[in-house]
Amino acid sequence: MPGYTKRLGRELGDLKTNPAVGISVFQADDFRIWLIDIQVMDNNPLYAGKTFRLQFRFTPTYPIEAPEVQFIASLGREIPMHPHIYSNGHICLDVLGSGWSPIQTVGSVSMSIQSMLAGNDRNERPPDDARYIASAPISPKQTRFVYHDDNV
């Protein structure tokens, strides 16, 4: 069994037995793609009563390299409005790119995104959303995001 599958097996077991509040595994049938549901657990009116779905894509280089993570829209799940989340689901967050560390886990990344949502009070997309999604790569990992606004 390759090292990354051992690591993901441990992470999956932890997510299922000790889930963080508002974070749950929706689907994890293999070690390539996982779907994780998250809810914002504070009183943020932008996200009250909503559940959002994250898709994690793993390669054999995990955890040395970050997984590909994005929001996906599906039945009953929308892409959240946020100044760092594009309408195609791509997320501008340093821990998914240059700020990645192999000590990060699916759970810690999910909690970082949950926290990013909880701290937001702006019901808007990034200012360059239309331009970005018109030419965005399929994989958000192929984008070199510029992290210029730490206030949301």
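Above: the structure in question.
Quick caveat, the model's predicted, so the values are computed rather than measured.

Rules used in this analysis
- Residues numbered from 1 in each chain as written.
- Predicted model: local features only at pLDDT ≥ 70, side-chain atom pairs only at ≥ 80, totals over all residues.
- Heavy atoms only, no water.
- Helix = DSSP H or I, 4+ residues; strand = E, 2+ residues; numbered from the N terminus.
- Expected span 1.5 Å × (residues − 1).
- Buried < 20%, exposed > 50% of the residue type's maximum accessible area, 1.4 Å probe, protein only.
- Arc of directions from axis to C-beta.
- Contact = heavy atoms within 4.5 Å.
- Salt bridge = Lys/Arg side-chain N within 4 Å of Asp/Glu carboxyl O.
- Core = buried A, V, L, I, M, F, W, Y, C linked by side-chain atoms within 4.5 Å.
- Pairing = 2+ DSSP bridges.

Undergrad: Is there a simple way to think about helix α1 (residues 3-17) in this case?
TA: Along an α-helix, a turn takes 3.6 residues, which lines up residues three or four apart on a common side. With 15 residues, α1 ought to run about 21 Å at 1.5 Å a step, and its terminal C-alpha atoms sit 21 Å apart, in line with that. Buried within α1 we find Y4, T5, R7, L8, E11, L12 and L15. Burial along α1 is one-sided: seen end-on, the buried residues are contained in an arc of 155°. α1 presents G3, R10 and T17 as exposed residues on the side facing more than 90 degrees away from its buried surface. Among the structural elements, β1 (23-27), β2 (33-38) and α2 (106-118) are those in contact with the buried residues of α1.

Undergrad: So what exactly am I meant to see when it comes to the pattern of salt bridges here?
TA: Evaluation of the coordinates by the stated rule reveals 7 salt bridges. Taking the shortest distance from any N to any O, the salt bridge between E68 and R57 comes out at 3.5 Å. Of this pair, E68 sits in strand β4 (residues 68-72) while R57 sits in strand β3 (residues 52-57); the two residues are 11 residues apart in sequence, bridging distant segments of the chain. Judged by relative accessible area, E68 falls into the buried class, the value being 12%. Each of D37, R53 and R77 takes part in salt bridges that share partners, so that together they form one network.

Undergrad: Is there a simple way to think about the nonpolar core in this case?
TA: Taken as a class, soluble globular proteins show a tendency for nonpolar side chains to be buried jointly. Membership of the largest hydrophobic core comes to 31 residues, with the highest contact counts inside it found for W34, I38, L54, F56, F71, I91 and I113. When contributions to this core are tallied by element, the ones reaching two or more residues are α1, β2, β3, β4 and α2.

Undergrad: How should the environment of D94 be read in this particular structure?
TA: Following the sequence through the fold, D94 ends up in the loop between β4 and α2. Exposure remark for D94: the relative accessible area of 37% places this residue in the partly exposed category. On a C-alpha basis, the gap between D94 and I138 in space is 19 Å, while along the polypeptide they are 44 residues apart.

Undergrad: When you look at the environment of P102 in this model, what are you seeing that I'm missing?
TA: Inspection of the secondary structure puts P102 in the loop between β4 and α2. If we skip the residues at most four places from it in the chain, P102 touches R7, P63 and I64.

Undergrad: What is the right way to look at unusual backbone geometry in this model?
TA: The phi angle of most residues is negative, glycine excepted, and most peptide bonds adopt the trans form. For the bond from Y62 to P63, the omega torsion is 5°, close enough to zero to count as cis. Structurally, P63 can be placed in the loop between β3 and β4.

Undergrad: Hey, could you run me through the pairing of β2 in this one?
TA: In summary, the side chains of a regular strand alternate between the two faces of the sheet. Burial analysis of β2 places 5 of its 6 residues in the buried class, the great majority of the element. Across 4 bridges, the pairing between β1 and β2 is antiparallel. Bridge pairing in β2 links I23 to I38. Counting the residues in the hairpin turn of β1 and β2 gives 5 residues. Note: β2 against β3, 6 bridges, orientation antiparallel. Each bridged residue has a counterpart across the sheet, and for L35 the counterpart in β3 is Q55.

Undergrad: Please clarify how α2 should be interpreted in this entry.
TA: Here α2 spans 18 Å end to end across 13 residues, near enough to the 18 Å set by a 1.5 Å rise per residue. Those residues of α2 that are buried lie in contact with α1, β1, β2, β3 and β4.

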